[in-house]
Amino acid sequence: MAQDNFSCVLYGAGKVRFEDRPVPEISDPHDILIRISYVGVCGSDVHFWMHGGVIRMVSEEEPLVMGHEASGVVHTVGPAVTRVKPGDRVAIEPGFPCRRCKQCKEGRYNICPKMKFAADPPHTHGTLSRLFKIPDDFAYRISDSLSLQEAVLVEPLSVAVHGVRLAELRPGQTVLVQGCGTIGLLAAATAKAYGARSVFIADINKAKLDFAKGYLGCATFVPDLTSTPEQDAVRLKREMDLEDGVDVVLECTGIEASAQTGIYALSAGGVFVQIGLGKPLQALPLLAMCEKETVVKTAFRYAPGDYEIALELLDSGKVSVKPLISSTVPFESAAEAWERTRKGEGIKNLIQGVQD
Amino acid sequence: MTLTGENPSFVLHKVHEVSFEERPIPKLSGPRDVRIEIKQTGICGSDVHYYTHGAIGSFVVTSPMVLGHESSGVVAEVGSAVTSLKVGDRVALEPGIPCRYCDHCKAGFYNLCADMKFAATPPYDGTLCRYYILPEDFCVKLPDTVSLEEGALIEPLSVAVHVSKLAKITPGSSVVVFGAGPVGLLCCAVAKAFGATTITAVDLVPARLELAKAVAATHSFIPTRGDSAAESASKIKEVLGGKAPQFAIDASGAAASVNTAIHVLAQGGTYVQAGMGAPEITFPITEFTIKELVAHGSFRYGPGDYQLAVELVASGRVDVKKLITHRVKFEEAEEAFKLVVKGQGVKILIGGPTA
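Criteria and thresholds
- Residues numbered from 1 in each chain as written.
- Chains lettered and ligands numbered in written order.
- Predicted model: local features only at pLDDT ≥ 70, side-chain atom pairs only at ≥ 80, totals over all residues.
- Heavy atoms only, no water.
- Helix = DSSP H or I, 4+ residues; strand = E, 2+ residues; numbered from the N terminus.
- Rg over C-alpha atoms; globule rule 2.2 N^0.38 Å.
- Buried < 20%, exposed > 50% of the residue type's maximum accessible area, 1.4 Å probe, protein only.
- Contact = heavy atoms within 4.5 Å.
- Areas by Shrake-Rupley, 256 points an atom, 1.4 Å probe, with all protein chains shown as cover.
- Lys, Arg positive; Asp, Glu negative; His and termini not counted.
- Charge placed at Lys NZ, Arg CZ, Asp CG, Glu CD.
- Domains from an automatic or database assignment.
- Buried area = accessible area lost by both parts, 1.4 Å probe.
- Phe/Tyr/Trp six-rings, centres within 6.5 Å; stacked < 30°, edge-to-face > 60°.
- Pairing = 2+ DSSP bridges.
- Salt bridge = Lys/Arg side-chain N within 4 Å of Asp/Glu carboxyl O.
- Polar contact = N/O pair within 3.5 Å; in protein donor to acceptor, adjacent residues only side chain to side chain.
- Arc of directions from axis to C-beta.
- Disulfide = S-S within 2.5 Å.
- Axes fitted to C-alpha atoms, helices over the stretch in contact; angles between N-to-C directions.
- Parallel < 35°, antiparallel > 145°, perpendicular 65-115°, else oblique.
- Left-handed = near helix turned anticlockwise from the far one by under 90°.
- Nonpolar A, V, L, I, M, F, W, Y, C, P; charged D, E, K, R; others polar.
- Expected span 1.5 Å × (residues − 1).

**Q** What should I look at first to understand the overall build of chain A in this one?
**A** Of regular secondary structure, chain A possesses eleven helices and 18 strands. Relative to the 2.2 N^0.38 estimate, which gives 21 Å for 356 residues, the radius of gyration of chain A is 20 Å and therefore close to what a compact globule would have. Dimensions of chain A, computed from C-alpha atoms along their principal axes, come out at roughly 65 × 40 × 40 Å. When each of the 356 residues of chain A is scored for burial, the buried share is 54%. A fraction of 67% describes how many contacts in chain A between residues 6 or more apart in sequence connect residues 24 or more apart. As displayed, chain A has an accessible area near 15300 Å², and 52% of this comes from carbon and sulfur atoms. Positive and negative side-chain charges of chain A, numbering 38 and 44 respectively, have mean locations separated by a distance of 2 Å.

**Q** What am I meant to see in the domain arrangement of chain A here?
**A** Much of the literature gives interface size as the accessible area that the parts lose upon coming together. Residues and elements named next belong to chain A. Domain assignment breaks chain A into domain 1 (5-153 + 321-352) and domain 2 (159-298). Domain 1 and domain 2 are separated by 29 Å when their C-alpha centres are compared. Between domain 1 and domain 2, the residue contacts involve seven residues of the former and six residues of the latter. For the pair domain 1 and domain 2, the two sides together bury roughly 560 Å², of which 75% comes from carbon and sulfur. Taken as a group, Pro-323, Leu-324 and Ile-347 account for 63% of the area that domain 1 buries against domain 2, more than any other trio of residues on that side.

**Q** Hey, could you run me through the packing of aromatic side chains in this one?
**A** All names here are of chain A. Per the stated rule, a full pass over the model turns up 18 aromatic pairs over all chains. Centroid distance Phe-96 to Phe-138: 5.8 Å. Interplanar angle 80°. Geometry classified as edge-to-face. Here the residue Phe-96 occupies a position in strand 7 (residues 95-96), and Phe-138 occupies one in the loop between strand 9 (131-135) and strand 10 (139-141), the gap between them amounting to 42 residues. Of the two residues, Phe-96 and Phe-138, both sit in the buried class.

**Q** What is the right way to read the sheet that holds strand 1 (residues 8-14) of chain B from this model?
**A** Hydrogen bonds along the backbone pair up the strands of a sheet, which may run parallel or antiparallel. All names here are of chain B. Strands sit in the order 2-1-6 across an open sheet of three strands; the sheet is antiparallel. Both outer strands of the open sheet, strand 2 (17-22) and strand 6 (65-66), are each paired with one neighbouring strand and no more. Relative to strand 2, strand 1 is paired through six bridges, and the arrangement is antiparallel. The residue bridging Phe-10 from the neighbouring strand is Phe-20, located in strand 2.

**Q** What is the right way to read the interface of chain B and chain A from this model?
**A** At the junction of the two partners, chain B supplies 14 residues and chain A supplies 16 residues. Taking both partners together, chain B and chain A bury about 1300 Å²; carbon and sulfur atoms supply 48% of that area. Three residues, Arg-100, Tyr-101 and Lys-106 of chain B, lead the burial of chain B against chain A; their summed loss comes to 55% of the area buried on that side. Along the contact surface separating chain B from chain A lie three salt bridges. As a salt-bridge pair, Lys-105 of chain A and Asp-137 of chain B come within 2.8 Å of each other at their nearest N and O atoms. Where chain B touches chain A, the interface holds four residue pairs in polar contact (both at pLDDT 80 or more).

**Q** How do you make sense of the pattern of salt bridges when you look at a structure like this?
**A** A side chain with one charge can pair with a side chain of the opposite charge if their charged atoms come near. Enumeration according to the criterion identifies 40 salt bridges over all chains in this entry. With a closest N to O distance of 3.1 Å, Glu-256 of chain A and Lys-279 of chain A form a salt bridge. Pair noted here: Glu-256 of chain A is in helix 8 (residues 256-265) and Lys-279 of chain A is in the loop between strand 15 (266-274) and helix 9 (286-292), with a separation of 23 residues, a long-range link. Linking Glu-17 of chain B and Lys-14 of chain B is a salt bridge whose minimum nitrogen-to-oxygen distance equals 3.2 Å. Judged by its relative accessible area of 38%, Glu-17 of chain B falls in the partly exposed class. Connected via shared salt-bridge partners are Arg-100 and Lys-105 of chain A together with Arg-100 and Asp-137 of chain B.

**Q** What am I meant to see in the side chain of Thr-127 of chain A here?
**A** Here Thr-127 of chain A is to be found in the loop between strand 8 (116-117) and strand 9. Once residues lying within four places of it in the same chain are set aside, the contact partners of Thr-127 of chain A are Ile-36, Val-39, Val-65, Met-66, Gly-67, His-68, Glu-69, Ala-70, Ala-118 and Phe-132 of chain A.

**Q** What is the right way to look at helix 1 (residues 43-51) of chain A in this model?
**A** In an α-helix, one turn spans 3.6 residues, which is why side chains three or four residues apart end up on the same side. All names here are of chain A. Those residues of helix 1 not exposed but buried are Asp-45, Val-46, Phe-48 and Trp-49. All buried residues of helix 1 lie within an arc of 160° about the axis, which places them on one face of the element. At its buried positions, helix 1 is contacted by strand 1 (5-12), strand 2 (15-21), strand 3 (31-40), strand 4 (64-65) and helix 11 (334-342).

**Q** Even after reading the chapter, I still don't get the state of the cysteines, so can you show me in this structure?
**A** Applying the stated criterion across every chain, the model contains zero disulfides over all chains. The cysteine Cys-218 of chain A is free of any disulfide, with Cys-180 of chain A supplying the nearest cysteine sulfur at 9.0 Å. Of all cysteine sulfurs, the one in Cys-129 of chain B lies closest to Cys-139 of chain B, which takes part in no disulfide; the gap is 13 Å.

**Q** What exactly am I supposed to notice about the packing of helix 7 (residues 229-239) of chain A against helix 8 of chain A here?
**A** Helices that pack against each other are described as a pair by the angle of their axes relative to one another and the distance between those axes. Residue and element names in this part refer to chain A. The geometry of helix 7 relative to helix 8 is characterised by a closest axis approach of 8 Å and an angle of 50° between their N-to-C directions. On the basis of the axis angle, helix 7 is oblique to helix 8. Considering how the two elements wind past one another, helix 7 and helix 8 form a crossing that is right-handed. Contact residues: Pro-229, Glu-230, Asp-232, Ala-233, Leu-236 and Lys-237 in helix 7; Ala-257, Gln-260, Thr-261, Tyr-264 and Ala-265 in helix 8. Residue composition of the contact of helix 7 with helix 8, grouped by class: six nonpolar, two polar and three charged.

**Q** What exactly am I supposed to notice about helix 4 (residues 154-167) of chain B here?
**A** Residue and element names in this part refer to chain B. In this model helix 4 runs 19 Å from its N-terminal to its C-terminal C-alpha over 14 residues, within 8% of the 20 Å that 1.5 Å per residue would give. Judged by how many residues are buried, helix 4 sits mostly within the fold: twelve of 14 residues are covered. Among the residues of helix 4, Ile-154, Glu-155, Pro-156, Leu-157, Ser-158, Val-159, Ala-160, Val-161, His-162, Val-163, Ser-164 and Ala-167 are the ones counted as buried. Once helix 4 finishes, Lys-168 follows within two positions and takes phi at roughly 60°, a positive value.

**Q** Sorry if this is basic, but what is going on with the packing of helix 5 (residues 182-193) of chain A against helix 6 (residues 206-216) of chain A here?
**A** All names here are of chain A. Two numbers describe how helix 5 lies on helix 6: the axes approach to 11 Å, and their chain directions differ by 25°. The angle between the axes of helix 5 and helix 6 places the two elements in the roughly parallel class. Helix 5 and helix 6 meet at a crossing whose hand is right-handed. Contacts between helix 5 and helix 6 involve Leu-185, Leu-186, Ala-188, Ala-189 and Lys-192 on the former and, on the latter, Phe-211, Ala-212, Tyr-215 and Leu-216. A breakdown of the residues in the contact of helix 5 with helix 6 according to their chemical character gives eight nonpolar, no polar and one charged.

**Q** Can you walk me through the sheet that holds strand 12 (residues 198-202) of chain A in this structure?
**A** Residue and element names in this part refer to chain A. Strand order in the open sheet formed by six strands is 13-12-11-14-15-16, with parallel pairing between adjacent strands. Of all the strands in the sheet, the pair left with one neighbour each is strand 13 (219-221) and strand 16 (295-298). Direction aside, neighbouring strands of the sheet carry axes that sit 20° apart on average. In terms of strand pairing, strand 11 (residues 174-178) meets strand 12 through five bridges, oriented parallel. Across the sheet, Gln-178 pairs through a bridge with Ala-202, a residue of strand 12.

Rendered as structure tokens:
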């Protein structure tokens, strides 16, 4: 087996090595190999860099190639592949479901118990390699007007699309997006594209909020950490001139106090979607929720159709991701990109693919 | 005619021309496949239509094709990665293999897969043979209390389940089912299992309506030939004490039934088209619009339907045995087709070669 697949491998918290690995082989007729062009850094990558993993950990014995937000150029295709051909520029959907279980067949492959997601310990390697193998239906050709750098953001945009679709957002509704990280920004942009009458964005970080205001043109709210969530919700409604509260809340921080504030800010019958991941156990104001018949939905990654919608939003110009790209580092400086993200420098930092 | 061979199969060559052929024992195509020894096969209007017309719509029989798709059997061989079944398990076969890669498959609508390989829809062979290959996830294991004969009814029952799920039939509701053939009868049964409390079967044949009532219907109605759809609908409402139903299912394919259904439905009601008849008909579009009706087309069955069908039989909530009127041996398969052509019987079962 050729060992010419230069990769960025994590051996533990803070332990990264760059080494050759086996070139993936086309084993299923639907497989394709992609020459990776760019890989984005996500909060989860930073978590791996700092702690070696979230639930399952990497180790010296079982190191892991990192990265899951990626774009590239099709390199080789299996015999049954018809959707793409070598040379096609593609965005990559980095989770491969089993296709045979109840969840897969019901149209919810994102919750397939046998999902193989890029950079998931112990053995599902990520996209920070010269070549990466995927089934062809998880590669999406991008239009000429979209750069390979922008194509990396199709992945987080699809997370945002998934959350907005779960909310069943209808034109004319009001939306509160909590968090101005990549997901919050894209969730707000998507909510606008879905016809929300007003989108309000909240973040404790004023610099992020300022960027968001420029990027989206939305009204902003700064949570007051000395108030209770209930008090903050009252203030939000007053500042945003909302008598009843918002119709939809998209929670993109994972912070408990934020979720509570969001729920208190909802109008009766409103929908709360938890997109951000944070503390495993969090308290919610159930009594207030019952009295308002609040609908709560939880969102995980992206489901059938989300990538297509994300690409359509980009192609039609309804959402632009270019402003979110803050920096690009060479492949062997991947740790630098993780560090920048860890320190809150930039929004989306990219790592260039292996150069010849 | 060798019926003691390895894989005897009942083959359609062209209209009205069938024969028994010895075919090779099929091989597993992958580690997740199973090979099933067929024990019982029911036949359906579509099988008979290929027998009498050689085609359904754009699906044309151009080379010899094994008939049959409503089967149960016993697992004879399992692939190396099969975990849910073992040799000897009795199963109901879900006889359509989707591609799993297209948008429909991934979005939860594998029944709409453009590359669906469906048994006894040209060019794919059916199940009137000894052995058939399916992926393990398209076989549903039958509990000990469910017979292989009942197992062969799971296919049409799954059609009825699919219809009822699309309609979203709710407890306490009123449903009218047009057509009391096997699908219509099973729609009545599933509607009842889903909690409908008023179930009206409509057909021209009194004997079929008697069976409908034995199965699940609470009311029945025979339309008068010559009455308009609005008149028939009015009479059905009278039978129902003036209350229009929330759900109407057509399992007849007859234009008159479709029209009557639209007229009989309550405002905001739901209509599901299960039956297949003339490809184009005249439709009461104004009535449909002003009542804000919802209409669904229904095609075969999708995720979860087979599992629910087996559960309905196993729990006793649906009794499919009532629909079995004739049983023939494998060698007499053509007899079964002729009986259906003559309009006799409800569900005729053909035993497998080693039944």
